[in-house]
Structure formats: structure tokens, C-alpha cells
Amino acid sequence: MRPEDILALTPAGLCCKCGDFHIDPTRPVERALITHAHADHARAGHGAVLATAETLDLMRLRYGDTFAGAAQAVRYGERLTLDGAAVTFHPAGHVLGSAQIAVEAGGLRIVASGDYKNLTDPASDPTCAPFELVPCDVFITEATFALPVFRHGDPRAEIGKLLHSVALFPERAHLVGAYSLGKAQRVIALIRQAGYEAPIYLHGAMASITRYYQSRGIALGELRPVRGAGKAELAGTIALCPPSALADIWTRRFPDPVTAFASGWMRVRARARQQGVMLPLVISDHADWDGLTATVAATGAGDIWVTHGQEDALVYWCGTRGLKARPLDIVGYGDEDEGLDSATQASSSPQGQAEDDAGEES
Ligand SMILES: [Zn+2]
Ligand SMILES: [Zn+2]
């Protein structure tokens, strides 16, 4: 059996014919295995969905109870047989509930890793289970930050910059743009790890997801809605919002806000400047160049399939290491870390957004 006979690219995305399922399909299918709840990977309308309990809950939060015909929760490490294939889910370290999916058939193991990050110090993300290395024959990797220029560094140093600025400007508000699913909760957790105990304010669009994280035992301290808080109350505080809100009339309710943006893209200073970000924070939920190359090597896979991102550089790097590699052109995966314009559509609950937009613009 060749790897291509186990997993093949179809118009709906990666398809396992012998197991009769798709992984993170971009169109409605009968049976979908979902790596994580970001909207480009987890879409509504499939017949049956298999995913971790957290991913299913987050899909329910976003799409409502009718997000799929049927849903089945899978535990990390639990082995399922789906027709002619065996399947296991393993932590991807990306967001709460995120998984790599290992597919075994005909004596071969292929790991579709979805989005992932493999931190050298897993304590720098207390919001999800750390990445687990799964040895395999074929490794399917993302390539969001697959250029040597992307080295994320220590996120705690970035939070240090934020807290330093808060201390320097006690009369101003600090407004941190962060993707609503995963990044926002991680930024809050990092702020708490650094010893900051004051209430943190939240844009309405991230309230329900953040409450869900708290319900799963992730300690985020006291959180308050921005909505209803007066300008004076917001002086000296930290508030989190979806990246697009940074460029929005919504920011006018804050006293002289310092705008920050937490994203792996903030490594590119020109990008931060162009987006009008005063305080770029290099904090990413994707592996950086060192993380990608270290993971690819450590899986022991001789065949690497590279999806969404900077495929060329990683494919080239694999070649220099004697690994077979090719880009997988899956249409429909985005980049939730992207930027101020495109980043919200995937995570903000429409109700939360509307609720907040309806608030006063003082
Ligand atoms: Zn993702
Ligand atoms: Zn992705």
C-alpha cells in the first residue's frame, strides 16, 4: 500500500478511502475527523463528526447544536477502527482540544498534524495539552511560519513588555488584539503567570469561548466585560479584543489606548507598523521555523506533506535533509493568526459581536 492509497487529496480535502472519512474537510462530507475548532478546519454541516470533546464543545458554541448530524468524542490516545483504518488522536499543543490525527493502514502510519506548536517549555502555554511527538512514516505538517526569519522566542518576555508598558502609562488603557479562540485565553493565562492580578476586560465576541476555557479548569482570574465599563474605569487596565476591533470605532471608549497585537506575524516589524500596532507581541500558537524543522526530523518520517503556509521553504529544507517532501495544495485553510482584517470572521460569535457593537461608543 502506498501512502497515497491511504490518504488522498480530494476537492473536499484529505480523504481516507479505506476508512471512509475526511480530515478537516472544507466541504460537507459524510464522516469528518476534525483536528481543532478553528473555523477553517472545523466547519458545520457534516453528517458525522469525530473530534475531542473540547473541539466538539467549541464547534457547538460557534455553530449551535445542529453543527453536525452526529458527534462522537474521542479521547487522546484512544484507538478507533474505522472500516479499514485505525485512528488515534494526539495532543497538538495548538489550542484547547487540538489534536493530530494518526491514521494506520497497510502497515503504514500517517500523521495529519493540523495546526500545532511544540514549545521547548510547555509551561508557557497552560491552556492546552502539550504537543506529543508521534513517530510515523508520513508526516503532514502545516507551514504557517515556515521561514527561517520566524523565531517566536519566549512569550513571557513579550508579556513582560506589555506589563512594563502598563506600569509606564497608568492613565492609558492597553488594548490587546488576540484571536478569540486560543490566543486570547493564552495571553490572559500568561499575564496571570506574570503575577498581574487586576481584572482583565474582554470584548463581547470572546466572552463565551473564554468562559468555556474557564469551565475546563483553566485559571484566568477575574474577567470583566468591556461593555458597560466607563472610560474612567478603563484607565490603566488591560483589555482583549479580536484583532479587527483594534481598527474599529469600538476603541474610542478607551482612554488614549496603547494598541498591542499578539501574533507570530509581529516578528515582521513592517507588518506591525503597517497595521498601526504600537506594541507588537510575538506570541504564536503555531510552531516557528525551528519548531517545524525539529518536529519534522523527530517524527522519523521519510515522506513529508506540507500544507497551508510557506510550503516552498519547508519542502526545500526537507530536500536538503534527504527527505521526500511535497506541498499539498489544500484549498480553504486560512490562517487565524493572519492579521487585523481577516482574523475575526472565524472566531467571533455573531451574537457576541452584535451585542458589543450595539454598545455605546463613548
Ligand atoms: Zn488553527
Ligand atoms: Zn490552520
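Numbering of residues starts from 1 in each chain and follows the order in which that chain's sequence is written. For this description, chains carry letters from A and ligands carry numbers from 1, given in the order in which they are written. The predicted origin of the model limits local features to residues at a pLDDT of at least 70 and limits the giving and counting of side-chain atom pairs to 80 or more, whereas totals for whole chains, interfaces and linings rest on all residues.

Re the overall build of the protein
Thought 1: Within the protein, the secondary structure is distributed over 10 helices and 19 strands.
Thought 2: Radius of gyration here is computed from C-alpha atoms only, and the compact-globule reference equals 2.2 Å multiplied by the residue count raised to the power 0.38. For 362 residues, the compact-globule estimate of 2.2 N^0.38 gives 21 Å, and the C-alpha radius of gyration of the protein, at 20 Å, lies within 12% of that figure.
Thought 3: For the protein, the C-alpha atoms occupy an extent of roughly 65 × 45 × 30 Å along the three principal directions.
Thought 4: Here the protein, with 362 residues, has 50% of them falling under the buried criterion. Each helix is a run of DSSP H or I of at least 4 residues and each strand a run of E of at least 2, with the numbering of both proceeding from the N terminus. As a rule, residues whose C-beta atom has 12 or fewer other C-beta atoms within 10 Å are exposed, those with 20 or more are buried, and those in between are partly exposed; C-beta atoms are placed from the backbone.

Description of the domain arrangement of the protein
Thought 1: An automatic or database domain assignment supplies the start and end points of every domain. According to the domain assignment, the protein contains domain 1 (3-146 + 287-327) and domain 2 (155-284 + 348-357).
Thought 2: Measuring from the centre of the C-alpha atoms in domain 1 to the corresponding centre in domain 2 gives 29 Å.
Thought 3: Our contact criterion uses C-beta atoms placed from the backbone: two residues qualify when those atoms are within 7 Å. Contacts between the two partners involve 17 residues from domain 1, matched on the other side by 16 residues from domain 2.
Thought 4: A class-by-class count of the residues in the side of domain 1 that touches domain 2 yields 7 nonpolar, 4 polar and 6 charged. The residue classification treats Ala, Val, Leu, Ile, Met, Phe, Trp, Tyr, Cys and Pro as nonpolar and Asp, Glu, Lys and Arg as charged. All others, Gly included, are polar.

Digging into the pairing of strand S12 (residues 174-177)
Thought 1: Side chains His-174 and Val-176 of S12 all project onto a buried face; the interleaved residues Leu-175 and Gly-177 project onto the opposite face, where all are buried too.
Thought 2: Strands are treated as partners if at least two bridges between them are detected by DSSP. Two elements, S12 and strand S15 (residues 238-241), share 4 bridges in a ladder whose sense is parallel. Across the sheet, the residue bridging to Gly-177 is Cys-241, located in S15.
Thought 3: Relative to strand S16 (residues 258-262), S12 runs parallel, the two sharing 4 bridges. Looking at the pairing, Val-176 lines up with Ala-260 of S16.

Comments concerning the pairing of strand S5 (residues 46-51)
Thought 1: Note that strand S4 (residues 31-33) and S5 share 3 bridges and pair parallel. In the strand pairing of S5, Ala-32 is matched with Val-49.
Thought 2: As defined by bridge partners, S5 adjoins strand S6 (residues 68-73) across 5 bridges and the pair is classed as parallel. Paired with Leu-50 across the two strands is Gln-72, which belongs to S6.
Thought 3: Between the parallel pair S5 and S6, the chain is carried across by helix H2 (residues 53-63), and the sense of this crossover is right-handed. A clockwise path from the first strand over the helix to the second, with the strands pointing away from the viewer, defines a right-handed crossover.

Regarding helix H3 (residues 155-168)
Thought 1: Helices are assigned an expected span. That span is 1.5 Å times one less than the residue count. With 14 residues, H3 should reach 20 Å at 1.5 Å per residue; the first-to-last C-alpha distance of 20 Å fits that figure.
Thought 2: Among all positions of H3, only Pro-155, Glu-158, Ile-159 and Leu-162 are buried. Each buried residue of H3 lies within a common arc of 100° when the element is viewed along its axis, so the set occupies one face. Among the exposed residues of H3, those oriented more than 90 degrees off its buried face are Ala-157, His-164, Ala-167 and Leu-168.
Thought 3: Of the surrounding secondary structure, the elements contacted by the buried residues of H3 are S12, helix H4 (183-193), S16 and strand S17 (279-281). To obtain the arc, one takes the directions from the helix axis to the C-beta atoms.

Observations regarding unusual backbone geometry
Peptide bonds are mostly trans, and most non-glycine residues show a negative phi.
Thought 1: Even without a glycine there, the phi angle at Asp-24 is positive, about 45°.
Thought 2: By the secondary structure assignment, Asp-24 is in the loop between strand S3 (21-23) and S4.
Thought 3: For Asp-24, a count of 26 C-beta atoms within 10 Å puts it in the buried group.
Thought 4: Of note, the phi angle at Asp-256 is positive, near 45°, even though the residue is not glycine.
Thought 5: With respect to the helices and strands, the residue Asp-256 is situated in the loop between S15 and S16.

Considerations on the environment of Ile-23
Thought 1: Tracing the sequence through the fold places Ile-23 in strand S3.
Thought 2: Distance from Ile-23 to Val-226, taken between C-alpha atoms, is 38 Å for residues 203 residues apart in sequence.
Thought 3: Setting aside residues no more than four positions away along its own chain, Ile-23 makes contact with Gly-13, Leu-14, Leu-33, Thr-35, Ile-101 and Ala-112.

Details of the nonpolar core
Thought 1: What we call a nonpolar core is a set of buried Ala, Val, Leu, Ile, Met, Phe, Trp, Tyr and Cys residues whose membership is set by joining through C-beta atoms within 7 Å. In this structure, Leu-33, Val-103, Ile-110, Val-176, Val-187, Ala-239 and Leu-240 are the most contacted members of the largest nonpolar core, which totals 100 residues.
Thought 2: Looking at which element gives the most residues to this core, the answer is H4, with 6 residues.
Thought 3: Inspection of this core shows a minimum of three residues originating in each of domain 1 (3-146 + 287-327) and domain 2 (155-284 + 348-357).
Thought 4: Non-local contacts of Ile-110, meaning those with residues more than four positions away in its chain, are made with Pro-3, Ile-6, Leu-7, Val-103, Cys-136, Asp-137, Val-138 and Ile-140.

Brief notes about the sheet that holds S5
Thought 1: With mixed pairing, 6 strands are arranged side by side in an open sheet as S1-S2-S3-S4-S5-S6. A strand with exactly one partner marks an edge of an open sheet, and here the two such strands are strand S1 (8-10) and S6. Averaged over all pairs of adjacent strands, the angle between strand axes in this sheet comes to 35°, irrespective of strand direction. Note on geometry: axes are C-alpha line fits, over the in-contact stretch for helices, and angles between N-to-C directions span 0 to 180 degrees.

Considerations on the environment of Asp-285
Thought 1: Structurally, Asp-285 can be placed in the loop between S17 and helix H8 (289-298).
Thought 2: Residue classification places Asp-285 among the buried residues on the basis of 30 C-beta atoms within 10 Å.
Thought 3: The spatial distance from the C-alpha of Asp-285 to the C-alpha of Asp-115 is 8.3 Å, given a sequence separation of 170 residues.
Thought 4: Not counting chain neighbours up to four residues away, the residues in contact with Asp-285 comprise His-94, Val-95, Lys-117, Gly-182, Lys-183 and Arg-186.

Section: the sheet that holds strand S10 (residues 108-112)
Thought 1: An order of S7-S8-S9-S10-S11-S18-S19 is seen for the 7 strands of this open sheet, with the pairing classed as mixed. Each end of this open sheet is capped by a strand with a single partner; those strands are strand S7 (80-82) and strand S19 (324-327). Here the average twist between neighbouring strands, direction ignored, is 25°.
Thought 2: Bridge analysis of S7 against strand S8 (residues 85-91) gives 3 bridges, and the strand direction is antiparallel.

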